[in-house]
Amino acid sequence: MTERFVLLDRDGVLNVDRPDSVTSVAQLQLLPGAAQGVALLNRKGYRVLVITNQSVVGRGLLSPADLGAIHTVIQTEVGAFGGHIDAFFVCPHDRHEGCACRKPQPGLLLKAAQQYGFQLAHTDFVGDASSDIEAARRAGAEPVVVLTGKTKTPADLSVRHYRSLYDYAQCQPALITGEPAWQRKEVHPTMTLDHSIHGAVPEEFTAAGLRTMQDRFESHLSAVENLRTQLPLLQTVAQALVQCLQRGSKVLWMGNGGSASDSQHLAAELVGRFVLERRGLASVALTTDTSILTAVGNDYGFEEIFARQIEALCQPGDVVIGLSTSGNSPNVLRALQRARQLGAVTVGLTGGSGGAMATQCDHCVIVAADSTARVQECHILIGHLLCEQVDAAYTAGLLAQEAGANPGGSGA
Ligand SMILES: O=C(CO)[C@@H](O)[C@H](O)[C@H](O)[C@H](O)COP(=O)(O)O
Ligand SMILES: [Zn+2]
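Source: prediction; values computed, not measured.

Procedures and definitions
- Residues take numbers from 1 onward in each chain, read along the sequence in its written order.
- For naming, the first written chain is A and the first written ligand is 1, with later ones following in the order written.
- Reporting of local features is limited, given that this is a predicted model, to residues whose pLDDT is at least 70; pairs of side-chain atoms are given and counted only at 80 or more, and all residues count toward the totals for whole chains, interfaces and linings.
- The side-chain quantities take in all heavy atoms of the structure and omit both hydrogens and water.
- For two strands to be treated as a pair, DSSP must find no fewer than two bridges joining them.
- Per the convention used, a helix needs a DSSP run of H or I reaching at least four residues, while a strand needs a run of E reaching at least two, with both numbered from the N terminus.
- For helices, the axis comes from a line fit to the C-alpha atoms of the stretch in contact; other axes are also lines fit to C-alpha atoms, and the angle between any two N-to-C directions lies between 0 and 180 degrees.
- Salt bridges, as used here, are contacts in which a Lys or Arg side-chain nitrogen is within 4 Å of a carboxyl oxygen on Asp or Glu.
- Three labels apply to residues, based on accessible area from a 1.4 Å probe with only protein chains included: buried if under 20% of the type maximum, exposed if over 50%, partly exposed otherwise in between.
- Here, the term right-handed applies to a crossover whose path from the first strand over the helix to the second runs clockwise when the strands point away from the viewer.
- Residue contacts are counted whenever heavy atoms from the two residues lie within 4.5 Å of one another.

Draft legend 1. Local environment of the sheet that holds strand S11 (residues 363-367). The strand order across the open sheet built from 5 strands is S8-S7-S9-S10-S11, with neighbouring strands paired in parallel fashion. Strands with a single pairing partner mark the edges of an open sheet, and in this sheet they are strand S8 (283-285) and S11. Strand-to-strand, the axes of this sheet are offset by a mean angle of 15°, without reference to chain direction. Sheet topology places strand S7 (residues 251-255) next to strand S9 (residues 319-323); 5 bridges connect them, and they run parallel. Within S9, the position partnered with Met254 by the bridge is Gly322.

What follows is the structure, encoded as structure tokens:
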């Protein structure tokens, strides 16, 4: 397979853009998530090159050596997250010099492609300014805009845009496939605890921690923001739940690890209450009975622990909801498949690329995030939104206060 590259503008993409340019290491401030974004791109199989206009060099405001020092710091920050920038391509010329390399001229992009031997077509150039978009177009590359620099709102909607470099990196398909869920855990090399440290925590440790937390906020917000675009789908799922409860059917939940807790949490919202005082609703988490889980796991295998319970409990018209951040947990997939065979409505809550789950249930909500934690955070939001819609169906008189009464008719 030919190697894939991502080209990045520097100011406003990797570091905070300054109107007077960054002319010293002290002025350099990496954007939240930028270093992690490069590292994530690398982990997904992309090599990263930087393409930057630095007329401060041509104007004598910054020496090539000091520019090199700035790039070394960027490289170190990226390296702290396990990432690497292969090269910085710099145009040092002033805008009046009429060179072929100052963006929007495509010179640097062409040079990078020639030097590293890749095709510009289908290669992304991620920038923050109209000159970046123009340079990408002239070079035959794909323009992409992040909203962390000169462009604050997507001015040209025909250009792909992301809130930040990290968001962009999260949305890129992985070229290296087959990564199991446990391998997707992000290890922050500078966060490895040295047990010999007692008392004072080194400053770089807390600074790195703060940056990481800022970055996680960004990814969380971006995943939530993306979910907003899926509200019609969530409404469809909510309707399926209301119709299921209207016809006296039940809602079954399942998942592994954190998703097992989420299953229990959400079943409890229906059996107990969410916000509204109303009667208890039929809902079961298939993750709670240790005798069943150990017996079925032991006798038939772990992949059967939910499917067997589906076989025992699921009736046509029930809603079966599987939570899996990877979308690939075999026990959840098998249970969804059996539920489908039994005439249940199947719902998948997943993340990343959706995994196998994306095509194996009636409704699948895919959270736009790769990290297990971010996906789980959105799953609970989704669960709460669904429970609220069930409450709203009571307020609207669509569901009876008495168990057994059925104001909504067959509902199905
Ligand atoms: O809660 C967490 C991580 O936040 C873990 O317990 C996580 O749920 C487990 O690793 C699961 O086995 C992951 O499975 P899945 O979400 O890919 O189906
Ligand atoms: Zn130039």
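Still to come is the rest of the account.
Draft legend 2. Structural detail: the pattern of salt bridges. All chains considered together, the criterion is met by 25 salt bridges. Residue Arg47 is joined to Glu3 by a salt bridge in which the shortest nitrogen-to-oxygen separation is 2.8 Å. A residue pair is termed long-range when its members are at least 10 positions apart, and Arg47 in strand S2 (residues 46-53) and Glu3 in the segment before strand S1 (4-8) qualify at 44 residues. When the shortest N-O distance is used, the salt bridge between Lys44 and Asp370 registers 2.6 Å. Of this pair, Lys44 sits in the loop between helix H1 (34-43) and S2 while Asp370 sits in the loop between S11 and helix H13 (372-395), and the two are 326 residues apart along the sequence. Residue class for Lys44 comes out buried when judged on its relative accessible area of 7%. Each of Glu303, Glu304, Arg308, Glu311, Arg334 and Arg338 takes part in a single network of salt bridges with overlapping partners.

Draft legend 3. Representation of the pairing of strand S4 (residues 124-127) in the model. Burial along S4 is two-sided: the residues Asp124 and Val126 and Phe125 and Gly127 are all buried. As judged from the 4 bridges shared by S4 and strand S5 (residues 142-146), these two strands associate in the parallel manner. Note on S5: the bridge partner recorded for Val126 is Val144. In this fold, S4 hands off to helix H5 (residues 130-139), which returns the chain to S5; that crossover is right-handed.

Draft legend 4. Inspection of the environment of Pro173 at higher detail. Along the chain, Pro173 falls in the loop between helix H6 (165-171) and helix H7 (203-228). Since its relative accessible area comes to 52%, Pro173 is described here as exposed. Counting along the chain gives 132 residues from Pro173 to Leu41, while the straight-line C-alpha distance between them is 9.3 Å. Excluding its chain neighbours within four sequence positions, the residues that come into contact with Pro173 are Lys44 and Tyr46.

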